[in-house]
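Below, each chain spelled out in residue letters.
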Amino acid sequence: MRILISTAALLLATAATAQTAPAPADEPKTVTRSFDTPRAAGATTITRDRDAGTFSRDTSVTRKSDGATMTGSMTRTRTETGIAIEQSRTGFDGSTSGRTYERTRTDTGFTESGTITRRDGNTYNLDGSLVRGDGSATRTRTLTDAQGNVVAGRNVQASRNANGQITRDIQATGNQRLLRAAGPRGPRAMGPRGAGRPGRPG
């Protein structure tokens, strides 16, 4: 039902969004998309400030059968050294979940950290990095629970041979779906320095 509601919100808001006059590039732009169906009604407000480097999305949906409300919010901020993301959600049943994510650029790639709080109350911590070198690159991600136990991990090593061919060695353990939910995996290209854009590591 959540998927149906979300899809309806996007489809019904498309026409209204298309008729909205674009704001000047240096001014914040806010668009509200509303929908009303026999099952639910709600709205999503999106605000983008390119100059400040911020993007936010707030959604509220009310189920007509019992008046229950679902809310969700997401804020993405461009920082001096990368990006920061905060996301939260309250379901129709009152359960809450959310995540935080931060990526920091380094001389050889980036580091990342974050947290996931699930509806069941369990919390997980993300730690990862991308390190590029001459002819090699290593991408690692690890997700641990509140006790420090590793619940998921992914390691991708890429190298370029003398002929310019890129090879990758991927090792993944644990709940990869949960690991992906912790935050974006990073740039689509994860090749060694000077390798161009060999494509995503998979």
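Residues numbered from 1 in each chain as written. Predicted model: local features only at pLDDT ≥ 70, side-chain atom pairs only at ≥ 80, totals over all residues. Heavy atoms only, no water.

(A) Fine view of the overall build of the chain. Looking only at helices and strands, the chain features two helices and 11 strands. For the chain, the sequential pattern of α-helices and β-strands runs α-β-β-β-β-β-β-β-β-β-β-β-α. A buried classification covers 30% of the 202 residues belonging to the chain. In the chain, the proportion of contacts linking residues at least 24 apart, taken out of those at least 6 apart, comes to 32%. (Helix = DSSP H or I, 4+ residues; strand = E, 2+ residues; numbered from the N terminus. Buried < 20%, exposed > 50% of the residue type's maximum accessible area, 1.4 Å probe, protein only. Contact = heavy atoms within 4.5 Å.)

(B) Expanded view of the nonpolar core. Ranked by size, the top nonpolar core spans 13 residues in total, and within it I116, Y124, L126, L143, L178, L179 and A182 carry the most contacts. Listed by contribution, the elements that provide at least two residues to this core are strand 8 (123–133) and helix 2 (176–181). Listed in part, the six residues of the second largest apolar core include F35, V61, M70 and F92. (Core = buried A, V, L, I, M, F, W, Y, C linked by side-chain atoms within 4.5 Å.)

(C) Representation of the sheet that holds strand 7 (residues 109–117) in the model. Across the sheet, 11 strands lie side by side as 1-2-3-4-5-6-7-8-9-10-11; this open sheet has antiparallel pairing. The sheet is open, and its two borders are formed by strand 1 (29–36) and strand 11 (166–174), each paired with just one other strand. Shown here is a sheet whose adjacent strand axes are inclined to one another by a mean of 5°, direction ignored. Taken together, the 10 bridges between strand 2 (residues 40–49) and strand 3 (residues 54–63) define a ladder with antiparallel strand orientation. Across the sheet, A40 pairs through a bridge with R63, a residue of strand 3. (Pairing = 2+ DSSP bridges. Axes fitted to C-alpha atoms, helices over the stretch in contact; angles between N-to-C directions.)

(D) Expanded view of the pairing of strand 7. The pairing of strand 6 (residues 96–106) with strand 7 spans nine bridges and is classified as antiparallel. What sits directly across from G98, in strand 7, is T117. The turn linking strand 6 back onto strand 7 is made up of two residues. Pairing of strand 7 with strand 8 involves nine bridges; the strand directions are antiparallel. From the neighbouring strand, T117 faces strand 8, where its bridge partner is T123. The turn linking strand 7 back onto strand 8 is made up of five residues, and G121 within it adopts a positive phi angle of 95°.

(E) Representation of the confidence of the model for the chain in the model. The predicted model of the chain averages 85 in pLDDT, with 78% of residues at 70 or higher. Across residues 1–21 the pLDDT falls below 50, and counting only partners more than four positions away or on other chains, this stretch makes 21 contacts in the model. Low confidence marks residues 195–202, where pLDDT is under 50. Its contacts with residues over four positions away, or in another chain, come to 24 contacts. (pLDDT = per-residue confidence, 0-100.)

(F) The packing of aromatic side chains, seen in detail. Here the structure, examined in full by the defined rule, presents zero aromatic pairs. In this structure, R63 is placed above the aromatic ring of F92, and the distance from its NZ or CZ to the ring centre is 4.6 Å. Between R103 and the ring centre of F110, over which it is positioned, the NZ or CZ distance is 4.8 Å. (Phe/Tyr/Trp six-rings, centres within 6.5 Å; stacked < 30°, edge-to-face > 60°. Lys NZ or Arg CZ within 6 Å of the ring centre and 35° of its normal.)

(G) Fine view of the pattern of salt bridges. Summed over the entire model, instances satisfying the criterion amount to four salt bridges. Among the ionic pairs, R63 bridges to D66, the shortest N-O distance being 2.8 Å. Residue D66 is classed as partly exposed on the basis of its relative accessible area of 48%. When the shortest N-O distance is used, the salt bridge between R139 and E112 registers 2.9 Å. On the criterion of sequence distance, the pair formed by R139 in strand 9 (residues 136–145) and E112 in strand 7 is long-range, its members being 27 residues apart. In terms of burial, R139 and E112 fall into one category: buried. (Salt bridge = Lys/Arg side-chain N within 4 Å of Asp/Glu carboxyl O.)

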